[in-house]
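Take a look at the letters that make up each chain.
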Amino acid sequence: MTTTSITLFAPFPDQPADLAEYAAARSAEEAETYGPPPWDIGALPEELRASLLEWLDTVCRWLNQTYTWQPQHAIPPCWQEHEHLGYEIAALAFARADAYEDAGSAVVWHEQYARFQTRMSEALGKAGDECRVGRHENRPARFQLDAWASTASL
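Cut-off values and rules
- Residues numbered from 1 in each chain as written.
- Predicted model: local features only at pLDDT ≥ 70, side-chain atom pairs only at ≥ 80, totals over all residues.
- Heavy atoms only, no water.
- pLDDT = per-residue confidence, 0-100.
- Helix = DSSP H or I, 4+ residues; strand = E, 2+ residues; numbered from the N terminus.
- Buried < 20%, exposed > 50% of the residue type's maximum accessible area, 1.4 Å probe, protein only.
- Arc of directions from axis to C-beta.
- Contact = heavy atoms within 4.5 Å.
- Axes fitted to C-alpha atoms, helices over the stretch in contact; angles between N-to-C directions.
- Parallel < 35°, antiparallel > 145°, perpendicular 65-115°, else oblique.
- Lys, Arg positive; Asp, Glu negative; His and termini not counted.
- Salt bridge = Lys/Arg side-chain N within 4 Å of Asp/Glu carboxyl O.
- Core = buried A, V, L, I, M, F, W, Y, C linked by side-chain atoms within 4.5 Å.
- Expected span 1.5 Å × (residues − 1).
- Phe/Tyr/Trp six-rings, centres within 6.5 Å; stacked < 30°, edge-to-face > 60°.
- Lys NZ or Arg CZ within 6 Å of the ring centre and 35° of its normal.

**Student:** Any chance you could explain the confidence of the model for the protein here in plain terms?
**Tutor:** Detailed conclusions should not be drawn from predicted coordinates in areas where pLDDT is low. On average, the protein scores 87 in pLDDT, and the residues at 70 or more come to 84%. In the model of the protein, helix α1 (residues 17-27) stands out as the element of lowest mean pLDDT, 90, in contrast to helix α2 (residues 46-67), which has the highest, 96.

**Student:** Explanation requested: α1 in the structure shown.
**Tutor:** One turn of an α-helix holds 3.6 residues; hence residues three or four places apart share an orientation. The set of residues buried in α1 consists of L19, Y22 and A23. All buried residues of α1 lie within an arc of 95 degrees about the axis, which places them on one face of the element. Facing away from the buried side of α1, by more than 90 degrees, are the exposed residues A17 and E21. Elements that come into contact with the buried residues of α1 comprise α2 and α3 (83-99).

**Student:** In this structure, what is going on with the packing of α3 against helix α4 (residues 103-124)? I would like to understand it.
**Tutor:** A pair of packed helices is captured by two measures, namely the crossing angle of their axes and the spacing between those axes. Following both chains from N to C, one finds α3 and α4 inclined at 170 degrees, their axes separated by 10 Å at the closest point. Put simply, α3 runs roughly antiparallel to α4. Of the residues in α4, those touching α3 at H84, L85, E88, I89, L92, A95, R96 and A99 are S105, A106, W109, Q112, Y113, F116, R119, M120, A123 and L124.

**Student:** How should I be thinking about the side chain of R96 in this particular structure?
**Tutor:** Looking at the secondary structure, you find R96 in helix α3. E101 is the oppositely charged side chain nearest to the buried, salt-bridge-free R96, at an N-O distance of 8.6 Å.

**Student:** Would you explain the nonpolar core in this entry?
**Tutor:** In a soluble, globular protein the nonpolar side chains are often hidden away together inside. In this structure, L52, W55, L56, I75, I89 and F116 are the most contacted members of the largest nonpolar core, which totals 27 residues. Going through the elements one at a time, α1, α2, α3 and α4 are the ones with two or more residues in this core. Top element by residues in this core is α2. It accounts for eight residues. Filtering out sequence-adjacent residues up to four positions away, W55 remains in contact with F12, P13, D14, Q15, P16, L19, A93 and F94.

**Student:** Just checking my understanding: could you explain α2 for this structure?
**Tutor:** With 22 residues, α2 ought to run about 32 Å at 1.5 Å a step, and its terminal C-alpha atoms sit 30 Å apart, in line with that. By the burial criterion, the buried members of α2 are L48, S51, L52, W55, L56, V59, C60, W62 and L63. Of the surrounding secondary structure, the elements contacted by the buried residues of α2 are α1, α3 and α4.

**Student:** Which parts of the structure should I look at to understand the pattern of salt bridges?
**Tutor:** Side-chain pairs of opposite charge can arise where the charged atoms are in close proximity. Summed over all chains, the structure comprises five salt bridges. With its nearest N and O atoms 2.6 Å apart, the salt bridge here joins R135 to E130. Take E130: its relative accessible area is 29%, and that puts it in the partly exposed class.

**Student:** Explain the packing of aromatic side chains here, please?
**Tutor:** To describe a pair of aromatic rings, one takes the distance between the centres and the angle between the planes. This structure, assessed with the given rule, holds nine aromatic pairs. Taken together, a centroid distance of 6.2 Å and an interplanar angle of 90 degrees make the contact between F12 and W55 edge-to-face. Of this pair, F12 sits in the segment before α1 while W55 sits in helix α2; the two residues are 43 residues apart in sequence, bridging distant segments of the chain. Just as F12 is buried, W55 falls in that class too. Relative to F94, the ring of W55 lies with its centre 5.2 Å away and its plane at 70 degrees, an arrangement referred to as edge-to-face. Remark: F94 occurs in helix α3 and W55 occurs in helix α2; sequence separation between them is 39 residues. In terms of burial, W55 and F94 fall into one category: buried. Site record: aromatic cluster; members linked through ring pairs are F12, W39, W55, W62, Y67, F94, W109, Y113 and F116. Over the aromatic face of Y100 sits the side chain of R96, whose NZ or CZ is 3.7 Å from the ring centroid.

Here you go:
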């Protein structure tokens, strides 16, 4: 058997204790915690968001190590600068933790992950090629989001 620098069959990263406690308290039958779901990055309190983002970075590394075979399937290291990816990765990470409770759910999670890879590649387009090699590109100039009226004036 040959050895490689990639660890084969590495376990899925554990959630940080504060995040796991929050999720458990929120889902308890007699829940006293009514905050946002832990995968809703933008709605979380700052102290949980920092913990979540750190965990998600570890999850992204694990996903790339475990599932990435084609370059366009790699989650770029600048994923946090692509908000749509952050929200999806958070949902996938929590779904992955739940999915492995039974084999059928694990199969469904893999189908969801394949759809995520397709959406990610389509959304990033050619800019994703640069991002994946460490050269983050802000939204392409053709997206003139600044031309939209500010929500403050609506």
